[in-house]
Amino acid sequence: MIDNHDDQGPSAVDLAMIEQEWPLIAAEFDLLDAEISLIYAEDHGGPTALDWRRVRRAESRVTRTAAELTARQREHVCRLVEVGLTTDCAYGCKILRCPNCGREQVSHRAVYGCPDGASRAA
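Everything numeric here is computed off the predicted structure, so don't read it as measured data.

So, on to the overall build of the protein. Broken down by element type, the protein carries three helices and three strands. Start at the N end of the protein and walk to the C end: the helices and strands fall as α-α-β-β-β-α. Its C-alpha radius of gyration of 22 Å places the protein more than 25% over the 14 Å reference for a compact globule of 122 residues. Projected onto its principal axes, the C-alpha positions of the protein cover 70 × 30 × 25 Å. Nonlocal contacts in the protein, meaning residues at least 24 apart in sequence, comprise 29% of its contacts between residues at least 6 apart. Just so you have it, the protein exposes about 9000 Å², and 53% of that area is on carbon and sulfur atoms. Side chains of the protein carry 14 positive and 20 negative charges; the gap between the two charge centres is 9 Å.

Below is the structure:
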């Protein structure tokens, strides 16, 4: 899910997620193209064996790519590193980012007096 902040465009994390999922997106585009060719062929004498083979190969590629992506996501464990302080929290809460996947999160800490951190600690 892409998180747009005030229509400034995708963040670095969003772009990293898109890049990671691009092989699956490309495979799905190929499947869509093969399916459109089938529809077109229906109006021009019917699909050939080659048209059906193209669809089956594209479906197989989507399945294989989705499985590979899922396996890679399960293998990855984020190692968060502090990259800055939040601008929307006056308590010095930290922004943490995984250098491998680019995922970010904010660490609200009750020890700094942050009410968000206090409510999570309770």
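On we go from here.
The next subject is the layout of surface pockets. If a probe the size of a water molecule is rolled over the atoms, the empty space left behind becomes visible. In this structure, the second largest pocket encloses a volume near 190 Å³. Forming the walls of the second largest pocket are Val-13, Met-17, Gln-20, Glu-21, Arg-72, Gln-73, His-76, Cys-78, Cys-101 and Arg-103. If you list the elements that add at least two residues to the lining of the second largest pocket, you get α1 (12–42) and α2 (49–75). With four residues, the top contributor of residues to the lining of the second largest pocket is α1.

Further remarks concern the side chain of Thr-86. As for its placement among the helices and strands, Thr-86 is situated in the loop between β1 (81–85) and β2 (94–97). Among the polar contacts made by the side chain of Thr-86, one reaches the main-chain amide nitrogen of Cys-89 at a distance of 3.4 Å. Apart from residues no more than four positions distant in its own chain, Thr-86 is found in contact with Cys-93, Lys-94, Ile-95 and Val-106.

So, on to the packing of α1 against α2. The interhelical angle for the contact between α1 and α2, taken along N-to-C directions, is 165°, at an axis separation of 9 Å. Taken as axis vectors, α1 and α2 run roughly antiparallel relative to one another. The two elements α1 and α2 cross, and the hand of that crossing is left-handed. Of the residues assigned to the contact of α1 with α2, the class counts are 14 nonpolar, four polar and ten charged.

With that out of the way, let us pick up the confidence of the model for the protein. Overall, the predicted model of the protein reaches an average pLDDT of 83, with 90% of residues at or above 70. Confidence, expressed as mean pLDDT per element, reaches its minimum in the protein at helix α3 (residues 115–121) with 66 and its maximum at α2 with 92.

Cut-off values and rules
- Residues numbered from 1 in each chain as written.
- Predicted model: local features only at pLDDT ≥ 70, side-chain atom pairs only at ≥ 80, totals over all residues.
- Heavy atoms only, no water.
- Helix = DSSP H or I, 4+ residues; strand = E, 2+ residues; numbered from the N terminus.
- Rg over C-alpha atoms; globule rule 2.2 N^0.38 Å.
- Contact = heavy atoms within 4.5 Å.
- Areas by Shrake-Rupley, 256 points an atom, 1.4 Å probe, with all protein chains shown as cover.
- Lys, Arg positive; Asp, Glu negative; His and termini not counted.
- Charge placed at Lys NZ, Arg CZ, Asp CG, Glu CD.
- 1 Å grid on protein atoms, 1.4 Å probe; cavity = no way out; pocket = protein on both sides within 12 Å on 5 of 7 lines; lining within 4 Å.
- Points joined across faces, edges and corners; volume = space filled by probe spheres on them.
- Polar contact = N/O pair within 3.5 Å; in protein donor to acceptor, adjacent residues only side chain to side chain.
- Axes fitted to C-alpha atoms, helices over the stretch in contact; angles between N-to-C directions.
- Parallel < 35°, antiparallel > 145°, perpendicular 65-115°, else oblique.
- Left-handed = near helix turned anticlockwise from the far one by under 90°.
- Nonpolar A, V, L, I, M, F, W, Y, C, P; charged D, E, K, R; others polar.
- pLDDT = per-residue confidence, 0-100.

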